[in-house]
Amino acid sequence: MEPGLSIESGSAIRVAVLPVGGPIPPPRLREYAALVARHARVDLASLRTYYSEHQKSPFMHQPWETGCLRLKFVLGGCVPSPWEDFQSSRKVLAVIGICHLPSSPDLDRVAADFIDAVRSYPSALANRCFAFCPTDAQMAGKKRDDIIMFPPSDQQSLELHMLTMIQDLAASLLMEFEKWVLRAESTGTILKTPLDSQSSLGSEEVIKAKKRRLGRAQKIIGDYCLLAGSPVDANAHYTTAIELARLTGDVFWHAGALEGCVCALVVDRMGQSDPVLEDEVKYRYYTIIQLYRRATLQDNAQRVSPVSFELEAALKLARYLCRRELAKEVSDLLMGAADGAKALIDASDRLILYIEIARLFGTLGYKRKAAFFSRQVAQLYLQQDNAYAAMSAMQVLTMTTNAYHVQSRKTIKINHDSSKEPRASNIDSGKVHPLSIVSLFESQWSTLQMVVLREILMSSIRAADPLSSWSAAARLLRSFYPLITPAGQSGLASSLSNSADKLPTGTRCADPCLPFIRLHSFPLHPSQRDIVKRNPHKKEWWTGAGPSGPFIYTPFSKAGASSGTSKQEVSWIVGEPVQVMVELANPCSFDLVVESIYLSVHSGNFDAFPVSVSLPPNTSKLVLLSGIPTQVGQISIPGCIVHCFSVITEHLFKEVDCLLLGAAQGLVLSDPFRCCGSNKFKSVNFPSISVVPPLPLLVANFVGGDGSILLYEGEIRDVLITLTNAGTIPVGEANVALSGKNQDSVISIAHSTWKSALPIKPGGEVTFAVTLRAWHLSSADLDADGSKSPANSRRIAREGINPFLDIHYAGPAANAENGDVSLPPGRRLVVPLNICVVQGMRLVRARLLSMEIPARFTEAHLRPVKHTNINLLKIDPYKGSWGLRLLELELFNPTDVVFDVDVAVHLDDANVDQRVISDGNAADAACHKTRIDRDYSARVLIPLENFKLPVLDASFFVKESGGDEPLGSRAAAIAERNAKAELNASINNLISKIKVKWHSGRNSSGELNIKDAIQAALQASIMDILLPDPLTFSFKLSKNGTVTNVDSGNPSSNVLKCEDPISAHEMTHMEVQIRNNTKEIIQMNLSISCKDVAGENCFDENSATVLWAGVLSDIHLEVPPLQEVVHPFSVYFLVPGDYSLQASSVIIDATDILRARAKAESPDEPILCRGSPFHIRVVGTA
């Protein structure tokens, strides 16, 4: 059998093209052969110049104007066929020699080699030897008739020269055909085939041969007429041969003549589409097939079987009818021919048959059947034990991979580039169409696909092609690892390593192996996220362009923002490193070492950094891949470049996404990432990446550490922040603003400091101060922090409650190519002020204490206080003892530092430091700060007498006094509301004047929040604290019987001091002062008592220890509003010791205000006012 046969093959003249002389370089040989093969069709009209008719031509109907000669060039020649007498188109009728003269300078030897080559083809009727690239000396030498030289010239000249030579060769062949036909008609010829007996002819066979000789001669003459381009003459001779063969029973030659007749019919109507002609061809060829089959059955087993001609006839008809409309009929013909392959004895015939069947099925569009028969071809090749056959098997199997969907990515890329369909844009590169997934992955073919890849692997190993074997092993391992045993996986890994050892270093392969790589995320640095487009029309160019907070995503974005496309836009900066996180999976049972992996960028504006990874069996790992953009523009990252098993491959993210989506839909065998214990597949949209010019880069650092700023409640501290320009562009402008919560905790920012440092050059830095004040923790914060336990105060700043410094900065403007000024984008630096507020000095509780104590004062307390405008009633401490009300604050220090506590009381315009009266010695503690060590507590006492109002006003009792007014009276409601407002203002004024401040270390200070605690402690007794008594009493010493002024500026001579006691047995002149604190006249009965240390009344008439002069009981007095009255008296102490004087009075006809102040329960209850006891020390006389 011969490959590539068709119905028109009978009209082609076979020409052998042979290289002669010295060795010809392969590129040159291909160039010369292509130059010859370009002239396979020679028009008869062009042969007139070279054709000479020696006698009348036997081709009576030669179509000189429309006909042509068809040449079939066979490079390298072919083996003579034993069927040449049966079909003249199988003969080599011409020989063309090709010589490369630079390799063969000896022309005589070239001519001798060509003659020797021609002897192998005795049927050749014409010969030509073409010599290319002759030297000048060879061209100038003697002209030779046996060698035709082609001097060096341009391509067009060479083609014209070659056309001339081919036309001359065709004319010579035509004349030789005429001679042969004339000789055959006149003398006849003996024609034999392998079917004829090889032994001596018997009498019966001789008679049969004589009868058949004439018919066979007519058939061969028809062949030569057909080769000469005269189908009409050929048809006439074929018709005669058919009749003679039918009469003589020569079935085999009958079929050959009928086949030639069909060929002449088709050639005569070449290019015409005629259904009648098609039906005629089909009918005649089915007859031809039947005749060949009869001839096969008639021959005995000892003879050569002509079944190959039957199969060739079926293939010729199938090729003639090969259209989609006749697919069923063509398929039946091809399958019938495939069944006949069993009868072929020669393996090469079966090889050619399967090749032709595969080609026709492929032309028909039946790719799977074509692939099946291609595999049969490969099996026949693999049965031959030589490298060339293995190489052919590998190439044939490679062609089947497309049908089995295991093709190399290189083949896919070639087919994609050669297709006319437009390529997918970058926007659609991440989309996966379900139909493509179904076509890519068909799990029911898995076993067959594995077999195909295994055959390719075996053939490539036998063909000594390490790259192809590596590619096949990689595809087999990557696609079918779930179906391969651990031992098989290890074997494939060894095959990959062995193939890589035979490859040069740095070899690239289009097919990836392991690991599986998918895109995980784009972890962006804050400096990459906070790139702000500058608005040239606004001074505050960042407004409306950047994010409003420190978070990337907000659910309150614009509704139409994502209507156009779902692709995320990412900006990278030239010269700044970026990162992409990928996930690697090794689902196989061996350790995988990835020598290097880095991002694949084809745009040329990105430098990727390789990393090495080691993956244990059945594991996955997240890997950060980094790189640096180098130029402005767009960047597309389709995948990663992996150097594994000593071969460099490219892994595409899109392929893995298709694989995982196919696994989710059950179209592929397994998900490699789920096999390795990774999370469920989540598709990641590939963002649109653009590279912007270099920008300045500010880096913020806190002086002293970048951790949380630990502040105690109320603490004020300066924090130093250093801004360093880590970029290559200077910072030309900047703006610092506040955002986030608790912005009031930032007292001030040193704007002038960093503004004076602009522009900040690359590598420069500026340090400015931010003054912070810690806020007060709420009860919810204390519960969340676990601060109720002093040892468990949290030292970590809570998220979402801290303020931020928003720093918008930009570099200088750049000049564009067209002369315009372009504004590169700016940046936003968010500096979180991680303030961790912890409870420092802790207020355990606050309570109100009421006590009666003798007035005992130090020298510091006896100094008078001068006021320009005294609104509060000041009780002169020189006049006697107090009835004190004290606010007790219990403080606890749960921290590990020491606190010094001061209590400051602000009285009007003056700041009077009321030193602490602590639990210890009052005289000592009043002059020093209270120091509270760690895990210790202290009590602070604050006297509240200085906070009384100067006047007992009726407005505070408007509700009680106005009970007779109608409830709906508008005036009463207004008065009540004003009274409440005034009372609340007085309460707030009282609380605001008490400050508990603390100091710790060198620069840590603050104020304790005690407002709520004081208000809760004083809530029940606030009226008693604020409202003065209706009457206040004080005692004063008078010398020589003269009454001194109460407001004396120099009281040192009149004040009774502790170190100047009263002497016994001397008359002491004293006075009691009574002040009316109301706006009404008070009438009263005054009484004065004196008690000793035992509490006995010293004025008792029966046992008096103190003598007196004057009235001391039932003294009727009338005190004007807001005025004082004085009642003098004298005492004479008989016994030395400690005594206390106390004045009291019963108010006569008390008003409602006084009863309300005294909280009287009935109108008849007497109202008693009593002063504080005044201590007197009496010493004896010498």
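What counts and what doesn't
Residues numbered from 1 in each chain as written. Predicted model: local features only at pLDDT ≥ 70, side-chain atom pairs only at ≥ 80, totals over all residues. Heavy atoms only, no water. pLDDT = per-residue confidence, 0-100. Contact = heavy atoms within 4.5 Å. Axes fitted to C-alpha atoms, helices over the stretch in contact; angles between N-to-C directions. Helix = DSSP H or I, 4+ residues; strand = E, 2+ residues; numbered from the N terminus. Parallel < 35°, antiparallel > 145°, perpendicular 65-115°, else oblique. Left-handed = near helix turned anticlockwise from the far one by under 90°. Nonpolar A, V, L, I, M, F, W, Y, C, P; charged D, E, K, R; others polar. Polar contact = N/O pair within 3.5 Å; in protein donor to acceptor, adjacent residues only side chain to side chain. Core = buried A, V, L, I, M, F, W, Y, C linked by side-chain atoms within 4.5 Å. Buried < 20%, exposed > 50% of the residue type's maximum accessible area, 1.4 Å probe, protein only. Salt bridge = Lys/Arg side-chain N within 4 Å of Asp/Glu carboxyl O. Phe/Tyr/Trp six-rings, centres within 6.5 Å; stacked < 30°, edge-to-face > 60°. Lys NZ or Arg CZ within 6 Å of the ring centre and 35° of its normal. Pairing = 2+ DSSP bridges.

(A) Representation of the confidence of the model for the protein chain within the structure. In this model, the protein chain carries a mean pLDDT of 79, and residues with pLDDT of at least 70 account for 80%. This stretch, residues 546-565, has a pLDDT under 50; its non-local contacts, to residues over four places away or in other chains, come to nine contacts. Low pLDDT, under 50, characterises residues 958-965; the stretch is placed with five contacts to residues that sit more than four places away or in other chains.

(B) Structural detail: the packing of helix 17 (residues 466-480) against helix 18 (residues 486-501). Between helix 17 and helix 18, whose axes approach to 9 Å, the crossing angle comes to 155 degrees. The pairing of helix 17 with helix 18 is recorded here as roughly antiparallel in orientation. Crossing geometry of helix 17 relative to helix 18 is assigned as left-handed. Each of P466, S469, W470, A473, A474, L476 and L477 in helix 17 lies in contact with helix 18, whose residues at this interface are Q489, L492, S495, L496, S499 and A500. Among the residues forming the contact of helix 17 with helix 18, the class breakdown is nine nonpolar, four polar and no charged.

(C) Quick look at the environment of D349. Inspection of the secondary structure puts D349 in helix 11 (residues 347-364). For D349 and M1, which are 348 residues apart along the polypeptide, the C-alpha to C-alpha distance reads 5.3 Å. If we ignore the near neighbours within four places in the chain, the residues touching D349 are M1 and L344. Within the local environment of D349, its side chain forms a polar contact with the backbone nitrogen of M1, the two atoms lying 2.9 Å apart.

(D) Broad picture of the nonpolar core. Membership of the largest hydrophobic core comes to 185 residues, with the highest contact counts inside it found for W572 and I637. Considering every element that reaches this core, the biggest residue donor is helix 4 (residues 155-187), with 14 residues.

(E) Focus on the pattern of salt bridges. Here the structure, examined in full by the defined rule, presents 34 salt bridges. A salt bridge links D274 to R269, with the nearest nitrogen and oxygen atoms 3.6 Å apart. Given the relative accessible area of 32%, R269 is considered partly exposed. Three or more residues joined by partner-sharing salt bridges are found here, namely E2, R14, R90 and E312.

(F) Just the packing of aromatic side chains, in detail. Summed over all chains, the structure comprises 25 aromatic pairs. Considering the side-chain rings of W541 and W542, the 5.3 Å spacing of their centres and the 90 degrees angle between planes classify their relative orientation as edge-to-face. Under the relative-accessibility criterion, W542 is labelled buried at 15%. Ring plane angle 90 degrees and centroid distance 6.5 Å describe the contact between F1035 and F1129, whose orientation is recorded as edge-to-face. With F1035 in strand 39 (residues 1031-1038) and F1129 in strand 45 (residues 1124-1133), the pair connects residues that are 94 residues apart, well separated along the chain. The class of F1129 is buried, set by a relative accessible area of 3%. Counting every residue linked through ring pairs, the aromatic cluster contains W83, F86, F252, W253, Y292 and F309. Stacked on the ring of F673, the Lys or Arg R518 has its end atom at 4.3 Å from the ring centre.

(G) Representation of the sheet that holds strand 19 (residues 688-692) in the model. Here we have three strands laid out as an open sheet, ordered 10-19-16, and mixed in their pairing. Each edge of the sheet is formed by a strand with only one pairing partner; in this case those strands are strand 10 (569-573) and strand 16 (633-635). Neighbouring strand axes in the sheet, compared pairwise and without regard to direction, differ in orientation by 35 degrees on average. Here strand 10 runs beside strand 19; their pairing, made up of five bridges, is parallel. Counted as the bridge partner of S571 is S690 from strand 19.

(H) Region of the structure containing the pairing of strand 1 (residues 12-19). Extensive coverage of strand 1 is indicated by the burial of seven of its eight residues. Bridge count between strand 1 and strand 3 (residues 68-75): six bridges; the pairing is parallel. Residue V17 lies in a different strand from strand 3, and its bridge partner there is L75. Bridging between strand 1 and strand 4 (residues 92-100) involves six bridges; their strand directions are parallel. Directly across from L18, in strand 4, lies its bridge partner G97.

(I) A look at unusual backbone geometry. The omega torsion across L514 and P515 is 0 degrees, close enough to zero to call that bond cis. Within the secondary structure, P515 is located in the loop between strand 7 (508-509) and strand 8 (516-521). The omega torsion of the bond from L758 to P759 falls at -5 degrees, within 30 degrees of zero and hence cis. You can see P759 is positioned in the loop between helix 22 (751-756) and strand 25 (765-773). Notably, N742 is not glycine yet its phi reads approximately 55 degrees, a positive angle. Here N742 lies in the loop between strand 23 (733-740) and strand 24 (746-749). What makes N742 partly exposed here is its relative accessible area of 27%.

(J) Representation of the sheet that holds strand 18 (residues 647-652). On the basis of which strands lie adjacent, the open sheet formed by five strands has the order 7-18-17-12-14 and mixed pairing. Two strands close off the open sheet at either side, each with one partner strand: strand 7 and strand 14 (611-615). Bridge analysis of strand 12 (residues 592-600) against strand 17 (residues 639-644) gives six bridges, and the strand direction is antiparallel. Considered in strand 17, the bridge of S600 is made with G639. Sheet contacts for helix 20 (residues 653-664): strand 17 and strand 18; angle to strand 18, the most-contacted strand, approximately 60 degrees.

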